[in-house]
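Observations on chain architecture
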Amino acid sequence: MKQVGIIGWRGMVGSVLLQRMVQENDFHNITAHFYSTSSVGAPGPVIDGVSYTLKDAYSINALADMDIIITCQGGDYTKSIYPELIAHGWKGYWIDAASALRMDERACIILDPVNRENIDRAITNGIKLFVGGNCSITLSLMGLAGLIKADLIEWMSVMTYQSASGAGAKYVRELIAQSAYISHHLSADELTSSGSVLPLVNKVSELINSSGMPVQSFGAPLMGSIIPWIDTDLGDGNSREEWKGEAETNKILGLAPGTIPVNGLCIRVGVIRCHSAAITLKLKREVSETEFAQLVVDSHPWVNYVPNNKEESISRLTPAHISGSLQVGIGRYKKMALNNEPIYSVLTVGDQLLWGAAEPLRRMLNILLNRI
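Let us look at the structure shown here. (Residues numbered from 1 in each chain as written. Predicted model: local features only at pLDDT ≥ 70, side-chain atom pairs only at ≥ 80, totals over all residues. Heavy atoms only, no water.)

**Digging into the layout of surface pockets**
Our working definition: Here a cavity means grid points, on a 1 Å grid over the protein atoms only, where a 1.4 Å probe fits yet cannot get out; a pocket means an open set of points with protein on both sides within 12 Å along at least five of seven lines; lining residues are those with an atom within 4 Å of a point. Grid points are joined across faces, edges and corners, and a volume is the space filled by probe spheres set on the points. Where helices and strands are cited, they refer to DSSP runs of H or I of at least four residues and of E of at least two residues respectively, numbered from the N terminus. Polar here means any residue outside two lists: the nonpolar Ala, Val, Leu, Ile, Met, Phe, Trp, Tyr, Cys and Pro, and the charged Asp, Glu, Lys and Arg; Gly therefore counts as polar.
Size it by volume and the largest pocket reaches roughly 1,300 Å³. Along the wall of the largest pocket there are 50 residues; nearest its centre are Val13, Gly74, Gly166, Ala167 and Gly168. Elements with a contribution of two residues or more to the lining of the largest pocket: α1 (12-23), β2 (30-36), α3 (75-87), α7 (169-184), α10 (240-252) and α14 (354-371). Broken down by class, the residue content of the lining of the largest pocket amounts to 21 nonpolar, 20 polar and 9 charged. Its volume calculated, the second largest pocket comes out at about 320 Å³. In this structure, the second largest pocket is lined by 18 residues; those nearest its centre are Val114, Ile148, Lys149, Leu253 and Leu255. Of the residues that constitute the lining of the second largest pocket, the class distribution is 9 nonpolar, 3 polar and 6 charged.

This is the structure in structure tokens:
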């Protein structure tokens, strides 16, 4: 069996990856090795009754014994270790959740329900670097796979509403701490009073903007607010997260840069888990809701079309409903009144810890196991 090294398995994405690998019995098909950057020699996870001892994630010699390495350790680790490993002469396969090498010419961005042909071609051509895509982009493409396969998209404007867990575990804790801070300062009488709600609203607003509000990670309140910027400032009005929209979409689809123009805004919202995206699409022809729904459901098994009505939208097209599920929801499909052109709006919702992060990694592992 192939020797598979797993790094960053205790973080948020890594924990979900491990959970999914156990659920799908992936460990039956590999000889697993767990690595740590801080607890070398300590007990690792116990899986199917097997106890693992943690190896040194900074040891090039130890890593070089692996046929396949999966890392959720982050970009700094990747930028430090991967070049050293390649210089050492390692010929194995590197599967990475971090963005550090996504746009490297040696890398294939992996999202097999959308770009399996590109993945197979990359393996045939000797590519050994496989990287998960940006979570908000991958979830949008999972929802739009049917339109993509039919070559119907001319351009997209993607407005993302990204959850706290997309930023990492400490951000989730801070969002919950912000909620707890507000709740701690409110009495039961204030919450149940039948009088004017304005004093309560004013007090909560003051608490949100007070010096006691925990904002060390986000740098701003998220509970009761939004943060209208994600990732670094590129200096041209775009954030790096927004730049990824076009760059990664076209690379995932195997298209030349800019073939499908993509832009929009990326917003952090006070949701624990799941990213949503309101997308405006310019299509190459008119597509009715009936045809759109058929294209969606025929594209792959992990997408659900939600008819564009209030009852089903508010019950099935929400982070609360989709969190923890492999199903990506897509709905609110309607034509926009813009000079009678084929321009439509649609909403996607998906769990960014699953199809947005962990699931493409474990599926790429299994693709390799069946190919090499």
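**What to know about the pattern of salt bridges**
Quick reminder of the rule: Any Lys or Arg side-chain nitrogen found within 4 Å of a carboxyl oxygen on Asp or Glu counts as a salt bridge. Three labels apply to residues, based on accessible area from a 1.4 Å probe with only protein chains included: buried if under 20% of the type maximum, exposed if over 50%, partly exposed otherwise in between.
With the rule as written, the count across this model stands at 21 salt bridges. A salt bridge links Arg240 to Asp231; the nearest nitrogen and oxygen atoms lie 3.7 Å apart. Residue class for Arg240 comes out partly exposed when judged on its relative accessible area of 27%. Owing to a relative accessible area of 35%, Asp231 belongs among the partly exposed residues under this scheme. The partner of Asp351 in a salt bridge is Arg273, with the nearest N and O atoms 2.6 Å apart. Here Arg273 lies in the loop between β13 (266-269) and β14 (275-283) and Asp351 lies in the loop between β17 (343-350) and α14, a separation of 78 residues in the sequence.

**A short note on unusual backbone geometry**
Excluding glycine, residues mostly have negative phi values, and the peptide bonds linking residues are mostly trans. Despite not being glycine, Arg332 has its phi angle at roughly 55°, a positive value. Tracing the chain through its elements places Arg332 in strand β16 (residues 328-335). Even without being a glycine, Asn339 presents a positive backbone phi close to 55°. For Asn339, a relative accessible area of 72% translates into the label exposed.

**Considering the packing of helix α4 (residues 112-124) against α14**
Here is the rule: Simply put, an axis is a line fit to the C-alpha atoms, just over the touching stretch for a helix, and the angle between two N-to-C directions goes from 0 to 180 degrees. Here the word oblique covers every angle except those under 35 degrees (roughly parallel), over 145 (roughly antiparallel) and from 65 to 115 (roughly perpendicular). Left-handed is the label given to a crossing in which the near helix is rotated counterclockwise from the far helix by less than a right angle, and right-handed is the label when the rotation is clockwise. Contacts are assigned to residue pairs with any non-hydrogen atoms lying within 4.5 Å of each other.
At their nearest, the axes of α4 and α14 sit 12 Å apart, and the two run at 40° to each other. Classified by the angle their axes make, α4 and α14 are oblique. Note that α4 runs across α14; the crossing there is right-handed. Note on element contacts: α14 touches α4 through Trp355, Arg363, Met364, Ile367, Leu368 and Arg371, opposite Asp112, Pro113, Arg116, Ile119, Asp120, Ile123 and Thr124.

**As for empty space enclosed by the protein**
Evaluation of the coordinates by the stated rule reveals 2 cavities of 30 Å³ or more. Ser136, Ile137, Val158, Thr160, Glu241, Glu242, Gly245, Val262, Asn263, Gly264 and Cys266 together form the lining of the largest cavity. For the lining of the largest cavity, the secondary structure elements donating two or more residues are α5 (135-143), β10 (153-162), α10 and β12 (262-263). Looking at the lining of the largest cavity element by element, the count peaks at 3 residues for α10. Residue composition of the lining of the largest cavity, grouped by class: 4 nonpolar, 5 polar and 2 charged. Each pocket or cavity is described by its volume, and for the second largest cavity that value is around 40 Å³.

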